Each structure stands twice: as C-alpha cells, then as structure tokens.
Amino acid sequence: MSSLTDEWQLKTKENAIKYIVDIENFDRKIRTFRNGRSIHSKCFKIGNSTFQVLIFPSGGSVGVKSCVSVHLENRSNWRVKVNATFSIQNKNFAMILGEGFLNNSDSEGQCWGFGQFMSHCRCTRNDLLTHDGLLTLQFLIQIWK
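Residues numbered from 1 in each chain as written. Predicted model: local features only at pLDDT ≥ 70, side-chain atom pairs only at ≥ 80, totals over all residues. Heavy atoms only, no water.

S.K.: What exactly am I supposed to notice about the nonpolar core here?
M.R.: The tendency in soluble globular proteins is for nonpolar side chains to be buried side by side. Of all hydrophobic cores here, the largest spans 35 residues; its most connected members are Phe26, Ile55 and Met118. Leaving out residues up to four positions away in the same chain, Ile55 has contacts with Val21, Ile23, Phe26, Arg37, Ser38, Ile39, Val68, Ser69, Val70 and Leu137. (Core = buried A, V, L, I, M, F, W, Y, C linked by side-chain atoms within 4.5 Å. Buried < 20%, exposed > 50% of the residue type's maximum accessible area, 1.4 Å probe, protein only. Contact = heavy atoms within 4.5 Å.)

S.K.: Please explain the packing of aromatic side chains as it appears in this structure.
M.R.: Geometry of an aromatic ring pair is reported as the spacing of the ring centres plus the angle between the planes. Scanning the model with the defined rule gives seven aromatic pairs in all. Pairing Phe93 with Phe117 gives two aromatic rings, centres 5.3 Å apart and planes at 85°, and the pair type is edge-to-face. Taken together, the positions of Phe93 in the loop between strand 7 (80-88) and strand 8 (94-102) and Phe117 in strand 9 (residues 111-119) put the pair 24 residues apart, joining distant regions of the chain. Aromatic pair Phe114 and Phe117: ring centres 6.3 Å apart, planes at 35°, arrangement tilted. Phe114 sits in the buried class, given a relative accessible area of 15%. Judged by relative accessible area, Phe117 falls into the buried class, the value being 2%. Each member of the aromatic cluster is reached from another via a ring pair, and the members are Phe86, Phe93, Phe114, Phe117 and Phe139. One Lys or Arg, Arg37, reaches over the ring of Phe33 and ends 3.9 Å from the middle of that ring. Positioned above the aromatic ring of Phe101 is the side chain of Arg79, whose terminal nitrogen or guanidinium carbon lies 3.8 Å from the ring centre. (Phe/Tyr/Trp six-rings, centres within 6.5 Å; stacked < 30°, edge-to-face > 60°. Helix = DSSP H or I, 4+ residues; strand = E, 2+ residues; numbered from the N terminus. Lys NZ or Arg CZ within 6 Å of the ring centre and 35° of its normal.)

What follows is the structure, given as structure tokens:
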C-alpha cells in the first residue's frame, strides 16, 4: 500500500530519524477503508534496525472504528528499544509513545502505537487535513542501544 503515500526521512541523530508520510484524499480513505485495513509505509532503517509505519484510516480494531489508528512496527529479527513521537505536520497535534521495547517481527508485541490516534471528526479539510484533503504524518523515532 505504500503507493498510496509519498514519504521521506531525515536523519536527526546517529540513532534517530524524522519520518514523514503524506496521504492524499485522506477524508475519502476514512470512508472507503474497512476497519482493520492499513496503509503501510515503506520499510525504513534506523541503524541496523528496520521499521514500518501502519496507518488504519478506519481504526485497527473493532473498538476504534471512529478513530484513525497509527502504529510503529519492528521489522527486525531482534527486540529494539525505542521512543517516538507521532504528530501531524504543521498542526498542534502530537502524541508521545515514550520509551519501550518492540519485540522482533516474529513475535507478539512488534507493533506499538495509538489505537485512537485521532478522531474521525477531526479528519476534515482545514482542520487536521489540508484544504485539499492531504494528511501529513510525522514520526520522530529514536532507538537505544
């Protein structure tokens, strides 16, 4: 699904990056994506560890159908200690994950994020989306050795 996004990254420190994901017509995706269906970023690396961002326009599970869910997934074969902040670029909207461990990609606990990152009632043009429906998510992610 990464063809649904434009994305880029900026290395901010030795073990940290800013990862940015643009999703066009996000208000339409909320209406057309079923609950549990994700838009995923391309895989990206911080140090030797590989990650991916999962965005669920209609929520990642049944209990959060009226919210957008956003998760960071560890795609490495080892456990990684991370801290992260998820935000909407150029908006006063951010959520901090803090510091914790993401298990390896073959086990439970390889994803960490927010089931209720933002409510659908805020996913409107000229609120959290731009005037043409673009959502720009920004992820500040740091790994700890």
